[in-house]
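If you want the building blocks of each chain, they are given just below.
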Amino acid sequence: MPIRSKLARLLVAPAAALPLLSAAPAAVAAPFEPPPPAAIGGERLGLPGVQVDPQDGAPALPGGLTGQSWIVADAASGEVLAAGNPHLRLAPASTLKILFADTVLPKFDRNTVHKVAPEEIQGIGAGSSLVGIKEDLDYRVEDLWRGVFLSSGNDAVHVLAHMNGGVQQTVAEMQARAEALQALDTKVVSPDGYDSDGQVSSAYDLTLFARAGLRNPDFRMYCATRDALFPGAVDRNSGQRGSFGIANTDRLLGKYPGLIGVKNGFTTNAGSTFVGAAERDGRTLLVTVMHPSSYQKVYDETAALLDWGFAAAGKVNPVGKLVEEGETAAPAPTGQAGGAAGAPAPPPHPTPSATPDATATATGAARPATARAADSGDGPGPLGWILGGVVLTAGGAGGLLLLNRRRAASR
């Protein structure tokens with residue numbers, strides 16, 4: 001009996017210790033976090049680094065790319081030919097004006113005349129680019145849009161935003177439009193792209209905005225305009241209103257063969273950003289480059305990626321796609337056409353009563369490395385095996401003790 005009691009105490013000890021182990025959360029923590037949702041446009045677009053799938057004879061990607069986030073895509077089919085961290089969330093600078101135009105441009109006839117009230121050109125961020133709008137003067141809507149596209153004028157954006165119901169109303173509509181396009185990396189805080197806490201987008205999202213905008217003939221016309229006359233002030237002596245010339249700040253427009261537009265941007269926080277579209281031999285490519293190492297690099301790298309894209313078309317397998325509005329959020333990269341070019345311009349976009357914040361965690365990159373943990377084949381790790389052994393030992397001890405008690409009872 002003493003020996004049997006001693007054995008029972010030894011066998012019960014591991015089972016008694018088990019509640020203490022399970023009470024310590026750190027000891028049983030999962031070895032990895034649950035994977036995030038699949039990347040919009042295909043799994044490979046959520047992976048870190050450069051994604052390209054060349055066939056035999058495909059040209060090599062340009063060397064020395066410094067853009068933190070970039071993408072090359074076919075505007076008609078939506079096929080993504082190559083990308084580098086395309087869902088990385090970064091400050092967009094004035095390239096966010098692409099979304100502003102896609103949201104607001106369809107709402108007002110270009111010939112509409114608007115008299116600017118003083119409050120419409122107040123509250124503009126210090127150091128903003130301006131086209132030179134004056135209060136209490138009339139401007140046609142098409143003049144205001146030239147101010148947006150050519151001079152990247154934040155004053156023109158604010159006037160149009162006030163015409164649209166106000167800055168906050170316009171921000172809400174832009175956010176709703178981004179979500180409708182499935183541009184879920186984007187968080188809109190200011191309609192003009194001025195540096196604001198929490199305002200982010202990605203190369204993928206900016207490319208979605210450009211693709212949607214280019215389907216509107218007016219958008220396409222404005223972004224391709226190289227220079228124009230802008231209404232000036234009234235001369236005190238003659239009483240006549242003058243005008244002055246403005247030029248597009250896009251340095252590739254008129255220099256890169258076949259360039260259509262679309263929009264450049266620069267702020268202290270964002271550095272340089274650029275979204276460009278070019279057409280060659282019936283094919284239109286979209287290239288977005290965000291945050292390269294210098295201001296001029298954004299143009300050099302865009303041109304190099306456009307050159308590569310035209311040379312690589314038909315010689316690379318797509319690594320993802322630009323989703324269409326209303327399409328399944330995360331389709332696999334099948335290489336099939338994502339939609340037809342030349343679709344009609346979108347209608348005015350109503351503002352929902354409440355816009356969900358789909359990018360509450362819109363800082364930094366998506367966590368692509370974590371997404372692979374679920375299918376990596378990794379086991380529970382050393383701690384898991386130790387805990388498993390304790391559980392098995394405790395279970396075995398309990399079974400043996402129960403068997404001894406039954407034998408004792410049967411005697």
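Here the structure is a predicted model, which is why all the values come from computation and not from measurement. (Residues numbered from 1 in each chain as written. Predicted model: local features only at pLDDT ≥ 70, side-chain atom pairs only at ≥ 80, totals over all residues. Heavy atoms only, no water.)

S.K.: When you look at the overall build of the protein in this model, what are you seeing that I'm missing?
M.R.: For the protein, the count of helices and strands is 10 helices and 12 strands. Expressed as a percentage of its 411 residues, the buried residues of the protein come to 45%. Sequence separation of at least 24 residues holds for 69% of the intrachain contacts in the protein that already meet a minimum separation of 6. When the accessible surface of the protein is summed, it comes to about 19200 Å², and 56% of that surface belongs to carbon and sulfur atoms. (Helix = DSSP H or I, 4+ residues; strand = E, 2+ residues; numbered from the N terminus. Buried < 20%, exposed > 50% of the residue type's maximum accessible area, 1.4 Å probe, protein only. Contact = heavy atoms within 4.5 Å. Areas by Shrake-Rupley, 256 points an atom, 1.4 Å probe, with all protein chains shown as cover.)

S.K.: Whenever I open this one, unusual backbone geometry confuses me. Can you help?
M.R.: The bulk of non-glycine residues show a negative phi, and the bulk of peptide bonds are trans. In the Ramachandran plot, Gln182 falls in the positive-phi region, its phi being about 65° despite a non-glycine side chain. Note that Gln182 resides in the loop between α5 (167–180) and α6 (203–213). Exposure remark for Gln182: the relative accessible area of 8% places this residue in the buried category.

S.K.: For this particular structure, what's the right way to read the packing of helix α2 (residues 97–104) against α5?
M.R.: Pairs of packed helices are described in terms of their axes, by the angle between the two and the distance that separates them. Contact pair α2 / α5: the axes reach a minimum separation of 9 Å and the direction vectors enclose 95°. In terms of orientation, α2 and α5 fall into the roughly perpendicular class. Of the residues in α5, those in contact with Leu99, Phe100, Asp102, Thr103 and Val104 of α2 are Thr170, Glu173, Met174, Arg177 and Ala178. Its residues placed into classes, the contact of α2 with α5 shows 5 nonpolar, 2 polar and 3 charged. (Axes fitted to C-alpha atoms, helices over the stretch in contact; angles between N-to-C directions. Parallel < 35°, antiparallel > 145°, perpendicular 65-115°, else oblique. Nonpolar A, V, L, I, M, F, W, Y, C, P; charged D, E, K, R; others polar.)

S.K.: What's the story with the packing of α2 against helix α3 (residues 141–149) in this structure? I'm lost.
M.R.: With their axes 11 Å apart at the nearest point, α2 and α3 run at an angle of 160° to one another. Between α2 and α3, the crossing angle belongs to the class labelled roughly antiparallel. Where α2 crosses over α3, the two elements pack in a sense that is left-handed. Contact residues: Lys97, Phe100, Ala101 and Val104 in α2; Trp145, Val148 and Phe149 in α3. (Left-handed = near helix turned anticlockwise from the far one by under 90°.)

S.K.: Looking at this structure, I do not really get α3. What am I missing?
M.R.: Since the α-helix advances by 3.6 residues per turn, residues separated by three or four positions end up pointing in the same direction. The buried count for α3 comes to 9 of 9 residues, which makes it a mostly enclosed element. Turning to α3, its buried residues number three or more, namely Val141, Glu142, Asp143, Leu144, Trp145, Arg146, Gly147, Val148 and Phe149.

S.K.: Would you mind going over the side chain of Arg211 with me for this structure?
M.R.: Looking at the secondary structure, you find Arg211 in helix α6. At 2.8 Å, the side chain of Arg211 and the backbone oxygen of Ala75 are in polar contact. One polar contact links the side chain of Arg211 to the main-chain carbonyl oxygen of Leu322, over a distance of 3.3 Å. (Polar contact = N/O pair within 3.5 Å; in protein donor to acceptor, adjacent residues only side chain to side chain.)

S.K.: Is there a simple way to explain the nonpolar core in this structure?
M.R.: Proteins that are soluble and globular tend to have nonpolar side chains buried together. Core analysis: the biggest nonpolar cluster contains 62 residues, and Ile133, Trp145, Phe149 and Phe219 have the highest contact counts within it. When residues of this core are assigned to their parent elements, the largest contribution, 7 residues, is made by α6. Leave out the neighbours within four places in its chain, and Phe149 touches Ala101, Leu105, Phe219, Tyr222, Cys223, Asn248, Val262 and Lys263. Residues Ala82, Leu252, Tyr299 and Leu305 belong to the second largest nonpolar core, which totals 22 residues. (Core = buried A, V, L, I, M, F, W, Y, C linked by side-chain atoms within 4.5 Å.)

S.K.: Is there a simple way to explain the pattern of salt bridges in this structure?
M.R.: Proximity of charged atoms lets side chains of opposite charge pair with each other. One pass over the full model with this rule turns up 13 salt bridges. With its nearest N and O atoms 2.8 Å apart, the salt bridge here joins Arg283 to Asp74. One end of the pair, Arg283, is in strand β10 (residues 283–290); the other, Asp74, is in strand β2 (residues 69–74), and 209 residues separate them in sequence. A relative accessible area of 34% means that Arg283 is categorised as partly exposed. Counted as one network, the salt bridges with shared partners bring together Arg140, Glu142, Asp143 and Arg146. (Salt bridge = Lys/Arg side-chain N within 4 Å of Asp/Glu carboxyl O.)

S.K.: Help me understand the pairing of strand β6 (residues 227–234), please; the structure alone is not making it clear to me.
M.R.: The side chains of a regular strand alternate, residue by residue, between the two faces of the sheet. In this sheet, strand β7 (residues 241–247) lies alongside β6 in antiparallel orientation, the contact comprising 6 bridges. Its bridge partner being in β7, Pro231 is matched across the sheet by Ser243. Connecting β6 to the next strand, β7, in antiparallel fashion are 6 residues, including Gly239 with a positive phi near 75°. (Pairing = 2+ DSSP bridges.)

S.K.: What is the right way to read α6 from this model?
M.R.: Across the 11 residues that make up α6, a large majority, 11, are buried. Of the residues making up α6, those classed as buried are Ala203, Tyr204, Asp205, Leu206, Thr207, Leu208, Phe209, Ala210, Arg211, Ala212 and Gly213.

S.K.: Teacher, can you tell me more about the packing of aromatic side chains here?
M.R.: Here a ring pair, both rings aromatic, is described through the centre-centre distance and the interplanar angle of the planes. Taken as a whole and assessed by the stated rule, the structure comprises 9 aromatic pairs. When the centroid spacing of 5.9 Å and the interplanar angle of 25° are considered together, the rings of Phe149 and Tyr222 count as stacked. Of the two residues, Phe149 is situated in helix α3 and Tyr222 in helix α7 (residues 217–224); the sequence distance between them amounts to 73 residues. In this structure Phe149 comes out as buried when scored by relative accessible area, which is 3%. Chaining the aromatic ring pairs together yields one cluster made of Phe100, Trp145, Phe149, Phe219 and Tyr222. (Phe/Tyr/Trp six-rings, centres within 6.5 Å; stacked < 30°, edge-to-face > 60°.)

S.K.: Please clarify how the side chain of Asp250 should be interpreted in this entry.
M.R.: Inspection of the secondary structure puts Asp250 in the loop between β7 and β8 (259–267). For the buried Asp250, no salt bridge exists, and the shortest N-O distance to an oppositely charged side chain is 8.3 Å, to Arg251. For Asp250, the side chain forms a polar contact with the main-chain nitrogen of Leu252, separated by 2.9 Å. In this structure Asp250 touches Leu259, Gly261, Val262, Asn264, Phe274 and Tyr299, once residues within four positions along its chain are discounted. (Lys, Arg positive; Asp, Glu negative; His and termini not counted.)

S.K.: Can you walk me through the environment of Gly153 in this structure?
M.R.: Locating Gly153 in the fold gives a position in the loop between α3 and α4 (154–163). The buried category is assigned to Gly153, whose relative accessible area is 0%. In the structure, Gly153 is positioned 24 residues away from Ser129 in sequence and 5.2 Å away in space, judged by C-alpha atoms. Excluding its chain neighbours within four sequence positions, the residues that come into contact with Gly153 are Lys97, Ser129, Leu130, Val131, Gly147 and Val148.

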